[in-house]
Amino acid sequence: MIKRIKKALFVLRRPVRDDRREFNEQLLDRRREDVFVLLHQQMGGMN
């Protein structure tokens, strides 16, 4: 589970390309929500 969180958080650390891609706000929001859910699942399992 921790590996999935790390992958979600650090997937944006890829090398920058010369061709600039358009900012995808929906993708950012979806990833943010996925990480939020994963963190809460992990914290819930610690109790």
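Residues numbered from 1 in each chain as written. Predicted model: local features only at pLDDT ≥ 70, side-chain atom pairs only at ≥ 80, totals over all residues. Heavy atoms only, no water.

A. Seen up close, the overall build of the chain. Helix and strand content of the chain: two helices and zero strands. Looking at the 47 residues of the chain, the share that counts as buried comes to 9%. Total accessible area computed for the chain in this model is approximately 5,000 Å², and 53% of it derives from carbon and sulfur atoms. (Helix = DSSP H or I, 4+ residues; strand = E, 2+ residues; numbered from the N terminus. Buried < 20%, exposed > 50% of the residue type's maximum accessible area, 1.4 Å probe, protein only. Areas by Shrake-Rupley, 256 points an atom, 1.4 Å probe, with all protein chains shown as cover.)

B. View of the pattern of salt bridges. Evaluated as defined, the whole model comprises one salt bridge. R32 is the salt-bridge partner of D29, the closest N and O atoms lying 2.8 Å from each other. Of the two residues, D29 and R32 are both situated in helix α2 (residues 25-46); the distance of three residues between them amounts to about one turn of the helix. On the basis of relative accessible area, D29 is assigned to the partly exposed category, the value being 29%. (Salt bridge = Lys/Arg side-chain N within 4 Å of Asp/Glu carboxyl O.)

C. Here's a closer look at the environment of V37. When you line up the elements, V37 lands in helix α2. According to the relative accessible area criterion, V37 is partly exposed, its value standing at 43%. The spatial distance from the C-alpha of V37 to the C-alpha of I5 is 9.9 Å, given a sequence separation of 32 residues.

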